[in-house]
Amino acid sequence: MIQCPGCGGALKFDIQTQLMICDSCSTTYDPKNISSGGSAEEETEYNVTIFRCPNCGGEIASTDETAAAFCSYCGSSTILESRISKEKKPQLIIPFKKTKRDCTNAFERFIKKAVFAPSSYRQAGKAESFRGIYMPYWLYDMSQRGDINVATSTSHRSGDYIITDHYMMKGKLDNYYNGVSYDASSSFADDISSDIAPFNVKDIVPFNQAYLSGFYADIADVDVQTYKDTAIDLARESTYNYLRKKSPMAASSFDTPKEKIKSSIITNVNVTRSAMFPVWFMSYRNKDRVAYATVNGQSGKVSADIPMSIPKYFICAAIIAAALFTVFQMFFTITPNLLALIVSIFGLISVLSYGSEMKKIVAKENYEDDLGMQAKEALIEEKKKQRVQAQAGALFDDGGVGNGGAYVLTKNDINRAKKEKSKQKKADQKSGNLLGIIIFIVFVFIIGGNIFAEILQSVFDNAGISKASGLLALIFLIISIVSVVNASKNISRMKSKSGLPASLFTAISLFIIMVIGFWNPPNDAIYYSAVVIAGIGIIINIIGIIRNYNLLAMRPLPQFEMYQGGDDRG
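Residues numbered from 1 in each chain as written. Predicted model: local features only at pLDDT ≥ 70, side-chain atom pairs only at ≥ 80, totals over all residues. Heavy atoms only, no water.

1. Some details on the overall build of the chain
Spelled out, the test is: The secondary structure listing takes helices from DSSP runs of H or I that are at least 4 residues long and strands from runs of E that are at least 2 residues long, numbered from the N terminus. Three labels apply to residues, based on accessible area from a 1.4 Å probe with only protein chains included: buried if under 20% of the type maximum, exposed if over 50%, partly exposed otherwise in between. Should any heavy atoms of two residues lie within 4.5 Å, those residues are considered in contact. Per-residue and other accessible areas were derived by the Shrake-Rupley procedure at a 1.4 Å probe size, with only the shown protein chains allowed to occlude residues.
For the chain, the count of helices and strands is 12 helices and 16 strands. For the chain, the residues scored as buried account for 42% of the 570 residues in total. The long-range share in the chain, meaning contacts at least 24 apart out of those at least 6 apart in sequence, stands at 75%. Entry remark: accessible area of the chain is about 30500 Å², with carbon and sulfur atoms responsible for 58%.

2. Quick look at the sheet that holds strand β2 (residues 19-22)
We count it as follows: Two strands qualify as a pair provided DSSP detects at least 2 bridges between them.
Taken in spatial order, the three strands line up as β1-β2-β3 in an open sheet, and their pairing is antiparallel. Here the strands that pair on one side only, and so sit at the sheet edges, are β1 (11-14) and β3 (28-29). Pairing of β2 with β3 involves two bridges; the strand directions are antiparallel. Residue Met20 lies in a different strand from β3, and its bridge partner there is Tyr29.

3. Focus: the pattern of salt bridges
Applied cut-off: Each salt bridge in this description consists of a side-chain nitrogen of Lys or Arg and a carboxyl oxygen of Asp or Glu lying within 4 Å of one another.
Evaluation of the coordinates by the stated rule reveals nine salt bridges. Between Arg273 and Asp141 there is a salt bridge, with its nearest N and O atoms 3.0 Å apart. In this pair, Arg273 is assigned in strand β13 (residues 267-286) and Asp141 in strand β8 (residues 131-158), connecting sequence segments 132 residues apart. Of the charged contacts, one joins Lys262 and Glu237 as a salt bridge, the two residues approaching to 2.8 Å between their closest N and O atoms. Residue Lys262 is located in helix α5 (residues 258-264), and its partner Glu237 is located in helix α4 (residues 228-245); the two are separated by 25 residues in the primary sequence. Here Lys262 falls in the buried class, since its relative accessible area comes to 5%. Its relative accessible area of 22% is what places Glu237 among the partly exposed residues. Connected through salt bridges with shared partners, the residues Asp233, Glu237, Lys258, Glu259 and Lys262 form a single ionic network.

4. Describing the confidence of the model for the chain
For clarity, the cut-off: Values of pLDDT, ranging from 0 to 100, describe the predictor's confidence in every residue of the model.
On average, residues of the chain carry a pLDDT of 75, and 73% of them reach 70 or more. Across the chain, the element-wise mean pLDDT spans from 49 in helix α8 (residues 371-390) up to 92 in strand β7 (residues 92-93). In the predicted structure, residues 427-432 sits below a pLDDT of 50 and forms two contacts with residues beyond four places in sequence or in another chain.

5. Describing unusual backbone geometry
Omega for the peptide link from Ala197 to Pro198 comes to 5 degrees, which places this bond in the cis form. Structurally, Pro198 can be placed in the loop between α3 (190-195) and β10 (205-206). Backbone geometry at Gln18 places phi at a positive 60 degrees, although glycine is not the residue there. Within the secondary structure, Gln18 is located in the loop between β1 and β2. The partly exposed category is assigned to Gln18, whose relative accessible area is 22%. One non-glycine residue, Ser26, adopts positive backbone phi at about 60 degrees. By the element assignment, Ser26 lies in the loop between β2 and β3. Given the relative accessible area of 52%, Ser26 is considered exposed.

6. Points about a nonpolar patch on the surface
Put simply, the rule reads: A patch consists of residues exposed above 30% relative accessible area that lack any salt bridge, with like charges linked at up to 9 Å and nonpolar side chains (Val, Leu, Ile, Met, Phe, Trp, Tyr) linked at up to 5 Å.
Taken together, the side chains of Leu352, Leu471, Leu472, Ile475 and Ile479 present a nonpolar region at the surface, about 380 Å² in accessible area. Top element by residues in the nonpolar patch is helix α10 (residues 467-493). It accounts for four residues. By relative accessible area, Leu472 is classed as partly exposed at 32%.

7. Topic: the pairing of strand β4 (residues 45-52)
For β4 and strand β6 (residues 81-88), the ladder comprises eight bridges, and the chain directions are antiparallel. What sits directly across from Thr49, in β6, is Ile84. Here four bridges tie β4 to strand β5 (residues 59-62), and the two strands are oriented antiparallel to one another. Across the sheet, the residue bridging to Thr49 is Ser62, located in β5. Count of turn residues in the β4/β5 antiparallel hairpin: six residues, of which Gly57 carries a positive phi of about 85 degrees.

8. Some remarks on the state of the cysteines
The condition is simple: The disulfide criterion used throughout: a pair of cysteine sulfur atoms within 2.5 Å.
This structure, assessed with the given rule, holds zero disulfides. The thiol of Cys7 is unpaired, and the distance to the nearest cysteine sulfur, on Cys22, comes to 3.4 Å. Taking relative accessible area as the criterion, Cys7 reaches 42% and is therefore assigned partly exposed. Cys74 forms no disulfide, and the closest cysteine sulfur to it belongs to Cys53, at a distance of 3.7 Å.

9. Re helix α1 (residues 100-111)
Applicable threshold: Helix span is expected to be 1.5 Å times the residue number reduced by one. To obtain the arc, one takes the directions from the helix axis to the C-beta atoms.
The terminal C-alpha atoms of α1 lie 16 Å apart, and with 12 residues this matches the ideal 16 Å at 1.5 Å per residue to within 8%. What α1 keeps buried is the set Cys103, Thr104, Ala106, Phe107 and Ile111. For α1, the buried positions fall inside an angular range of 160 degrees around the axis, keeping them on one side.

10. Some details on the packing of helix α11 (residues 503-519) against helix α12 (residues 524-553)
Short version of the rule: Every axis in this analysis is a line fitted to C-alpha atoms, fitted for helices over the stretch in contact. Angles between the N-to-C directions lie between 0 and 180 degrees. When describing relative orientation, an angle under 35 degrees is termed roughly parallel and one over 145 degrees roughly antiparallel, while 65 to 115 degrees is termed roughly perpendicular and anything else oblique. Handedness of a crossing follows from how the near helix is turned relative to the far one, being left-handed for an anticlockwise turn of less than a right angle and right-handed for a clockwise one. Residue classes follow a fixed rule: Ala, Val, Leu, Ile, Met, Phe, Trp, Tyr, Cys and Pro count as nonpolar, while Asp, Glu, Lys and Arg count as charged, and any other residue, Gly among them, counts as polar.
Two elements in contact, α11 and α12, have axes separated by 7 Å at closest approach and are oriented at 165 degrees. Here α12 runs roughly antiparallel to α11, going by the angle between their axes. Along this stretch, α11 crosses α12, giving a crossing that reads as left-handed. Along the contact surface, α11 presents Ser503, Phe505, Thr506, Ser509, Ile512, Ile513, Ile516 and Trp519, while α12 presents Ile526, Tyr527, Ala530, Ile533, Ala534, Gly537, Ile538, Ile540 and Asn541. Considered class by class, the residues forming the contact of α11 with α12 number 12 nonpolar, five polar and no charged.

11. A short note on the side chain of Ser213
The cut-off we apply is this: Polar contact criterion, stated in full: a pair of N or O atoms within 3.5 Å, where within protein one must be able to donate a hydrogen and the other to accept it, and residues adjacent in sequence count only if both atoms are side-chain atoms.
Position of Ser213 relative to the elements: it lies in the loop between β10 and β11 (216-217). Under the relative-accessibility criterion, Ser213 is labelled buried at 0%. Here Leu11 takes part through its backbone oxygen, which lies 2.3 Å from a polar atom of the side chain of Ser213.

Spelled out as C-alpha cells, the structure:
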C-alpha cells in the first residue's frame, strides 16, 4: 500500500484525473512525485502481494493489502492464497486511460451484436465483474541497415507485341522499428493479446509503482527470446510491404520471390524493454470451461470469447426456416427427390462444418498458435523429463533416512502417473477401435466389390430420375465418412471431449437418402420419412456444432503448473 504523505491513508490511482487520490483526506498527488522508498534494491525491485488461486494456480500481484475475492483466470469465487514477494520492476508502463464505466459501456455495445450469447454471459459483463490488470509485455526496438537488391520488370504493348523491360533495383535500407510489443504472460492468450492491440506508445512513461495502486498486475513468465523471431519477421514483412506499395519500386513487378527479399533484409534487435499495459479483464465460468472478455485499458477496444445459447439459436432458426418454407411453397414446386437432395446438401455442409470446428478446438487446446504458452509447455515438459530421470531408483519419503540424495517419489507422483497411464490406454483403445473399423470397411469392399457393383448397376437401371440424387448422396456420403473419421481422430486428441462425433448421425442419414435415391420407391411417404430422419440427423449435428463452437469460444480451465516469476527480465 502506498501511503499519503499528509495523513498516512491509502493512495489510489484515479484514471479520470491521472492523479493519486487519498482515500482518507482526498488530497491529490502526481504519480511521478510519489516514491515508495529510496533504497538501492528498490530501484530494480518492488514489494507486492502475490495472490494465487488454489483451483487453477493462477497468480496476480497487487501493491495493496486488500484480499482478492475471486480469480481472474478461472472465475473461482474464493479467497486466494497470498504471500509477499519481491518482483523486478518493468522499465515502462502505460497507465489506465479508460475507467471501469468506460469498459462496461464498450462491452455492452460489443455484446449487443451477439444475438445468440447466453443471458448469463450478458449479466456477467457488469462493472463489478471486470478487474483492472496490468499485463506484462516485451518491447523490441529493431533496426534494418544494408543493401537491398530486387529484380523488377515492367511490360507494355507495342503493336502485336508485349515488351518487357527487366531492371535490378538497388538501394540502401535505414529503418527503425521501436516498441514492437508482445505479451510476456503465458496466462494471457496470444489471440486475446492481438485482438485488443495496438497500444499507443505515446502514453508510455517510466515505471512507477504508484500507477499499480488500486489495480492488479500479472507477472512476466515468458522469456524475452520467445517472440524475438516473430518480431523480426514482422519488421521484415512491414518493410517488404512498404517496398511493394509505397517505394519508388512500387510501380514495377517484383520478379524476386517475396521470401528471398525478406530474408535479405538484415534486421537487428537492438534493445528489449519490459513494460506493463492496462487491460480490463472479466472471466465467465461455465462448468469446466471459462470465457474471457478483455478491454484495452488505453483505447477501449474489446475482445471477447462469446459462447452460444442453443435454445436462442433454434428459435431463430425455426423462424427463418418457417419463412423460407412459406416463400418456397408460394413460388416453387419441390418434388420429394429434390427435397431429399436439398437435405443431403445441407447435411454435407453441416458435417464439414463440424469437422472444421473440431480442428480449431484441437489447435486451441494444444496452443498451436500461442507462442507464450508453447514456451511454458516446453518448459513444463522438460521439468517432467527431469523428474522421470530423477525417479530412477527413487525411494518413498522416509524422513531423509537412506535415500542417498535420490529424488523422493511422492504419492502425488504415483497418482499422477496412474492417471496419465489410464488416459494413454483409453486413447490407444479408441485409436485401435477406429483403425479396426477402417480395416473392416476396406475388407468388405475388397471381398464384395463386384457384388456391390452389380447391385448398383441393377439399381441404376431402374432408378429413373432419382439416380442423380442417389449418386450425389453417395458422393456426399463418402466425403462425410472421411470427415467423420478425421473428427474421431481429433476427438481422441482433445482434452475436453470423448465419444463419437455428432456428424456420424448425419452420415447415417445420407446413407439412407442414397439407398432411397437408388431404390426410387413409388411411395412419396418413404422419401419424406428419409427427409425427416436426415433432418433429425442434421439437428443432432448442429447441436454438436454449437457445442463445439462453445468449446472453441470457452477455453479449458487454466492449470498453471509452474511459475518463473519476473526473474527472467534481467
